[in-house]
Amino acid sequence: VVCAEKDGVCAEKDGGHVTEAVIAQAVSEVESQVLRECVFTHRRRADGRTLNQLRPLQAEVGLLPSAHGSALFTRGATQVLTTTTIGHPDLSEFPGRYGFPGETKRVMVTYEFPPYSVNEIGKLTPGRRELGHGALTERGIRHAVEMRRDRSLRVHTTTTGSNGSSSMASICAASMALLHAGVDLVGGPVAGVSIGLFSRPDPDNPGETMYLVLTDILGLEDYLGDMDFKIAGNHHGITAIQLDTKLPGLPLGVLFEALDASEPALSEILDVMSTAISGPRADANVPVYYEEEIDRALDRPHKSLMMELTRNTGVEMRERNGRLQVFGIPEKTEAAREKFYRAVGGLRVDSEYMVTVVSIQEYGAVVHVVAEADGAETDTDESGFASSFQREPKEGFMHISDMSKRFIESPLEVVEVGRTYRAVCTGQEPLTRRPTFSITRVSTSRYVEDIDKKTEAQASSPS
């Protein structure tokens, strides 16, 4: 006789029709009774552990050398591989951009639970469970991460094997991956553990219920048990909790007992994690971000120039409100910065340059920058980078008042088209943004002497 008694339903092999669902329900009931009897009578669990014993723990970092940070955390048959990527601050999520309320998210967690982690096949499509576990993992580590405006953090966790508490294992792995990427965690790394509960009527006290709290529950204990209390925290306190229960209510004392049981468990997990990594990695080769004011004597960089620099240097560069934003690996950012200033002209106020007069107007002359005063010309660098902006001559303007120390009526008195002069960059025109030059401000130049002599000769010659 196969009997499944639940909600007043009973089916017998001889008298009624027995379906697969009824058999599965009956087996589940028997498993629950056997497991509860083992826990309450022998204080032993399905895998032979005591009630407060953790599964074997293992922690490792640096498995993926190409990632900014990576970590692998194993607890029994549950294993999670996590990577951390440091991105540009503009890659943060702005809920207000889409009309939803909320603050800017600079720490974003993606939780992935592929079917193969539980020996199944199927599509890798996120559902409510994955979204919920990802949100819990994000809450667990978010308060330990220092919120800085110069970066965004993307943490991706992949469950490679699961037998319960994969979300708590994700918190452990995420903390180690952040430290491996050089991210400082306030209060140290964060660990997570699931506390379970079994209950049954007290045979000695009718109407009363007996409770037993279990530390680090298995998938079977989660399925057949009465509670899954997820607790995340570090040595300084709790960062996130989530309670799932199948009972209509829980005594407050049970929750206190669960919190008490989590403290030594979290400490033991943190000790194992510290053997792999105890603080932010000092030699982490991760991107950095900085801003600086662009010299006002330079041309306003075009978007196409920024795209070309990013493509050729691997460093992300942007210009916003007159400020240069650079994001990339430290050893590459300085080289990219130099290429940027070469591409936009590389002109610095109060520096000397060789300029060639290309046209003369009534109040001044249009000039092209040939090279710096020391003779260094702009050409292709050692990396093969040769921007189209570099190959075009840099156009500037020289006012008539900057051509001679004496009063002159026309630029033709001192300068000639096609001739090259040594001049000082004095600034930038407000409207055209062309750099302006002055010959009179050159400290030592034979051209200044030649111009003065030419002016004197023209002034003394008979009209």
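Every value quoted in this text rests on a predicted model; they were computed, and no experiment measured them.

Chemist: Help me understand the sheet that holds strand S12 (residues 323–328) in this model?
Modeler: By definition, the strands of a sheet pair up through backbone hydrogen bonds, in either a parallel or an antiparallel sense. Sheet architecture is open: three strands sit in the order S10-S12-S11, paired in antiparallel fashion. Two strands lie at the open edges of the sheet, namely strand S10 (288–293) and strand S11 (316–320), each paired on one side alone. Across the sheet, the mean angle separating the axes of adjacent strands is 15 degrees when strand polarity is ignored. For S11 and S12, the ladder comprises five bridges, and the chain directions are antiparallel. Within S12, the residue paired with Glu 319 across the bridge is Leu 324.

Chemist: Is there a simple way to explain unusual backbone geometry in this structure?
Modeler: What you tend to see is this: most non-glycine residues have negative phi, and most peptide bonds are trans. With a phi angle near 65 degrees, Ser 165 is a residue other than glycine that sits in the positive phi range. Position of Ser 165 among the secondary structure elements: in the loop between strand S5 (152–161) and helix H3 (166–180). One non-glycine residue with positive phi stands out, namely Asp 216, at about 60 degrees. On the basis of relative accessible area, Asp 216 is assigned to the buried category, the value being 0%.

Chemist: Would you explain helix H1 (residues 20–42) in this entry?
Modeler: Working note: α-helix, 3.6 residues per turn, so residues spaced by three or four point in the same direction. Taking 1.5 Å per residue as the helical rise, H1 with its 23 residues ought to reach 33 Å, and the 32 Å between its terminal C-alpha atoms agrees with that figure. Of the positions making up H1, those classed as buried are Val 22, Ala 26, Ser 28, Ser 32, Leu 35, Arg 36, Val 39 and Phe 40. Buried residues in H1 make contact with strand S6 (191–201), strand S7 (209–215) and helix H4 (219–224).

Chemist: Sorry, what's going on with the pattern of salt bridges here?
Modeler: Two side chains carrying opposite charge are able to pair once their charged atoms lie near each other. Enumeration according to the criterion identifies 16 salt bridges in this entry. A salt bridge links Arg 36 to Asp 226, with the shortest nitrogen-to-oxygen separation between them at 2.9 Å. Taken together, the positions of Arg 36 in helix H1 and Asp 226 in the loop between H4 and strand S8 (227–234) put the pair 190 residues apart, joining distant regions of the chain. Of the two residues examined, Arg 36 and Asp 226, each falls in the buried class. The closest approach of N and O atoms between Arg 318 and Glu 316, which form a salt bridge, is 2.4 Å. What makes Arg 318 partly exposed here is its relative accessible area of 23%.

Parameters at a glance
Residues numbered from 1 in each chain as written. Predicted model: local features only at pLDDT ≥ 70, side-chain atom pairs only at ≥ 80, totals over all residues. Heavy atoms only, no water. Pairing = 2+ DSSP bridges. Helix = DSSP H or I, 4+ residues; strand = E, 2+ residues; numbered from the N terminus. Axes fitted to C-alpha atoms, helices over the stretch in contact; angles between N-to-C directions. Buried < 20%, exposed > 50% of the residue type's maximum accessible area, 1.4 Å probe, protein only. Expected span 1.5 Å × (residues − 1). Contact = heavy atoms within 4.5 Å. Salt bridge = Lys/Arg side-chain N within 4 Å of Asp/Glu carboxyl O.

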